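Listed here are the chains, written in short residue letters.
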Amino acid sequence: IAAQIAKGLQAFHGKEMLHQDLRPENVMIDRSGTVKIIDFGAVHVAGLAEHTPAAASILGTVQYTAPEYLAGQGGDERSDLFSLAAIAYQMLAGQLPYGLQPARLRPGDDPRRLRYVPLAHHRPDLPAWLDAVLRKALHPQPARRQQAAAEFAHDLRAPGPDFHRRRAPPLAERDPVAFWQTVAALLGLAVIGLLGALARALA
């Protein structure tokens, strides 16, 4: 499904158009399994709005909208790619890669404040390389993503060695609850130790 959407986006982008509102409701699958992208109400066509940057206002659905739009910046093909990757992540995990965080972004905010939830948090049975491919496509900074939908589709079919070599993300990203519980426990032990040392010093 993701590969077919990527192919459709690539055709769109080849004609210098951006969809800008890619979400599950705008993807249809017919009885033969063919995927079709619909709803072109938010499409940006190069040359028809030369004095208005793409997505000067947020046209898409927040949960699938690239963070650069939410932060008041312009978008490009990599913004549509972000939306596609968010859909792919949700199909696999049943959740969104950044949860409700994007809804809190305001114009002028730094998108890098977003914290990606590793796919393994929801689906530990899936290979680490798949999470690495999605993590790249969903990076808050467009320059850090794949640069075209076709590149993303290729990475899903034939992930390169870089995706297999990736180290496991830190505990703070893999399981934030466990991370903060560990930090709280360590701080509690430290406080108990300090209180014990203080009591001995005063005795």
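The structure presented is a predicted model; accordingly, all values stated were derived computationally and were not measured.

Draft legend 1. Spotlight on the overall build of the chain. Each helix and strand in the chain was counted, giving eight helices and four strands. Along the chain direction, N to C, the helices and strands of the chain fall in the order α-β-β-β-β-α-α-α-α-α-α-α. Sorting the 203 residues of the chain into buried and exposed places 36% on the buried side. Taking all contacts inside the chain whose residues are at least 6 apart in sequence as the whole, residues at least 24 apart take part in 59%. Summing over all exposed atoms, the chain offers an accessible surface of approximately 11,700 Å²; the carbon and sulfur share of this is 59%.

Draft legend 2. Quick look at a nonpolar patch on the surface. On the surface, Val 191, Leu 195, Leu 198 and Leu 202 cluster together to form a nonpolar patch covering roughly 420 Å² of accessible area. Position of Leu 198 relative to the elements: it lies in helix H8 (residues 176-202). Using a relative accessible area of 47% as the deciding quantity, one classes Leu 198 as partly exposed.

Draft legend 3. Representation of the environment of Ala 42. The residue Ala 42 is located in the loop between strand S3 (35-37) and strand S4 (44-45) in this model. Along the chain, Ala 42 and Leu 18 lie 24 residues apart, while their C-alpha atoms are 8.4 Å from each other.

Draft legend 4. View of helix H1 (residues 2-14). Between its terminal C-alpha atoms H1 stretches 18 Å, which fits the 18 Å expected from 13 residues at 1.5 Å a residue. Burial in H1 covers these residues: Ala 2, Ile 5, Ala 6, Leu 9, Phe 12 and His 13. Relative to the axis of H1, the buried residues are bounded by an arc of 115° and lie together on one face. Across from the buried face of H1, at angles greater than 90 degrees, the exposed residues are Lys 7 and Gly 14. Turning to H1, the residues buried within the fold contact strand S1 (17-18), strand S2 (27-29), S3, helix H3 (77-93) and helix H5 (149-157).

Draft legend 5. Layout of H5. All of the buried residues in H5 are Ala 149, Phe 152, Ala 153 and Asp 155. The buried residues of H5 occupy an angular sector of 160° when the element is viewed end-on, so they sit on one face. Along its buried surface, H5 packs onto H1, H3, helix H4 (128-137) and helix H6 (161-165).

Draft legend 6. Structural view of the nonpolar core. Core analysis: the biggest nonpolar cluster contains 39 residues, and Ile 5, Leu 22, Leu 84, Leu 119, Leu 134, Leu 138 and Phe 152 have the highest contact counts within it. The set of elements that each furnish at least two residues to this core consists of H1, S3, helix H2 (67-70), H3, H4 and H5. Looking at this core element by element, the count peaks at nine residues for H3. If we ignore the near neighbours within four places in the chain, the residues touching Phe 152 are Leu 81, Leu 84, Ala 85, Val 133, Leu 134, Ala 137 and Gln 146.

Draft legend 7. Region of interest: the packing of H1 against H5. Where H1 meets H5, the closest approach of the two axes is 8 Å, and the angle between their N-to-C directions is 160°. Viewed along their axes, H1 and H5 adopt a mutual orientation that is roughly antiparallel. Once H1 is placed against H5, the crossing between them reads as left-handed. Listed contacts from H5 to Ala 2, Ala 3, Ala 6, Leu 9 and Gln 10 of H1 are Ala 149, Ala 150, Ala 153 and Leu 156.

Draft legend 8. Highlighting the packing of H1 against H3. At their nearest, the axes of H1 and H3 sit 11 Å apart, and the two run at 165° to each other. One element, H1, and the other, H3, form an angle in the roughly antiparallel class. Our pair here, H1 against H3, has a crossing hand that is right-handed. Across from Ala 2, Ile 5, Ala 6, Leu 9 and His 13 in H1, the residues of H3 making contact are Glu 77, Asp 80, Leu 84 and Ala 88. Of the residues that constitute the contact of H1 with H3, the class distribution is six nonpolar, one polar and two charged.

Rules used throughout
- Residues numbered from 1 in each chain as written.
- Predicted model: local features only at pLDDT ≥ 70, side-chain atom pairs only at ≥ 80, totals over all residues.
- Heavy atoms only, no water.
- Helix = DSSP H or I, 4+ residues; strand = E, 2+ residues; numbered from the N terminus.
- Buried < 20%, exposed > 50% of the residue type's maximum accessible area, 1.4 Å probe, protein only.
- Contact = heavy atoms within 4.5 Å.
- Areas by Shrake-Rupley, 256 points an atom, 1.4 Å probe, with all protein chains shown as cover.
- Patch = residues over 30% accessible without salt bridge, like charges linked within 9 Å, V, L, I, M, F, W, Y side chains within 5 Å.
- Salt bridge = Lys/Arg side-chain N within 4 Å of Asp/Glu carboxyl O.
- Expected span 1.5 Å × (residues − 1).
- Arc of directions from axis to C-beta.
- Core = buried A, V, L, I, M, F, W, Y, C linked by side-chain atoms within 4.5 Å.
- Axes fitted to C-alpha atoms, helices over the stretch in contact; angles between N-to-C directions.
- Parallel < 35°, antiparallel > 145°, perpendicular 65-115°, else oblique.
- Left-handed = near helix turned anticlockwise from the far one by under 90°.
- Nonpolar A, V, L, I, M, F, W, Y, C, P; charged D, E, K, R; others polar.

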